[in-house]
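Structure assessment
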Amino acid sequence: MTEITGTELLRQVAAARVKKIDYARLAKSVGIAPDDLLDFSRGRKNLPADTLCRLATEMMQGTRYYPEQDMLGPLEQVEPRPMGIRPDPFVPTPRTWAVGMAQGPGPQPLTTQPAQQVRDRRAGWITRWF
């Protein structure tokens, strides 16, 4: 797998934006000429580091360009912090179970209920129950 630099990734995103939207508005918000943005997206021109920083912030919200490493990263660097104190590991106490103790009582005999009469018609009515 090849390693893609931050400049190359910005170039690919800019090329997609140039194809789909009016790139003159994007160039104006970044502070460069539209022809420079078009040439950058096609790989004919390189942009300065501060312009690449503004371009990354404009095209990918929440992303920052780090020119020292030529990589993209998150806008805010948040230090990891613990969420609490980890509890002690659970060690179950060993138990001795007698056979049949966990199951409870066995099957019980079935008692048959007398069949109930089902009334098909309501008393005093011609129609059936719904």
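1. Some thoughts on the overall build of the protein chain
Broken down by element type, the protein chain carries four helices and two strands. The burial tally for the protein chain puts 19% of its 130 residues in the buried class. Here the analysis covers contacts within the protein chain between residues at least 6 apart in sequence; of these, 40% occur between residues at least 24 apart. Roughly 11,700 Å² of accessible area belongs to the protein chain as shown, and the carbon and sulfur atoms make up 57% of that amount.

2. A few points about the packing of helix α2 (residues 23–30) against helix α4 (residues 49–59)
The N-to-C vectors of α2 and α4 enclose an angle of 125°; their axes lie 9 Å apart at closest approach. Judged by the inter-axis angle, α2 sits oblique to α4. Read as a crossing pair, α2 and α4 show a hand that is right-handed. Together, L26, S29 and V30 of α2 and T51, R54, L55, E58 and M59 of α4 make up the contact between the two elements.

3. Comments concerning the pattern of salt bridges
According to the stated counting rule, one finds four salt bridges in the structure shown. R11 is the salt-bridge partner of E8, the closest N and O atoms lying 3.8 Å from each other. With a gap of three residues between them, E8 and R11 both fall in helix α1 (residues 6–20), about one helical turn apart. Take E8: its relative accessible area is 33%, and that puts it in the partly exposed class. A salt bridge links R54 to D50; its shortest N-O distance comes to 3.6 Å. With R54 and D50 both in helix α4, this residue pair falls four residues apart, about one helical turn. Its relative accessible area of 35% is what places R54 among the partly exposed residues.

4. Section: the pairing of strand β2 (residues 71–74)
Across four bridges, strand β1 (residues 63–66) lies against β2 in antiparallel orientation. Looking at β2, one finds that Y65 is bridged to L72. Hairpin remark: β1 followed by β2, antiparallel, with four residues in the connecting loop; positive phi at D70, about 55°.

5. Details of the nonpolar core
With 15 residues, the main nonpolar core has L10, L37, F40, L52, L55 and M59 as its most contacted residues. Mapped onto this core, the elements with two or more residues apiece are α1, α2, α3 (34–41) and α4. Here this core takes four residues from α4, the largest share from any one element. Residues in contact with F40, not counting those within four places in the same chain, are T7, L10, R11, A14, K45, N46, L47, L52 and L55.

What counts as what
- Residues numbered from 1 in each chain as written.
- Predicted model: local features only at pLDDT ≥ 70, side-chain atom pairs only at ≥ 80, totals over all residues.
- Heavy atoms only, no water.
- Helix = DSSP H or I, 4+ residues; strand = E, 2+ residues; numbered from the N terminus.
- Buried < 20%, exposed > 50% of the residue type's maximum accessible area, 1.4 Å probe, protein only.
- Contact = heavy atoms within 4.5 Å.
- Areas by Shrake-Rupley, 256 points an atom, 1.4 Å probe, with all protein chains shown as cover.
- Axes fitted to C-alpha atoms, helices over the stretch in contact; angles between N-to-C directions.
- Parallel < 35°, antiparallel > 145°, perpendicular 65-115°, else oblique.
- Left-handed = near helix turned anticlockwise from the far one by under 90°.
- Salt bridge = Lys/Arg side-chain N within 4 Å of Asp/Glu carboxyl O.
- Pairing = 2+ DSSP bridges.
- Core = buried A, V, L, I, M, F, W, Y, C linked by side-chain atoms within 4.5 Å.

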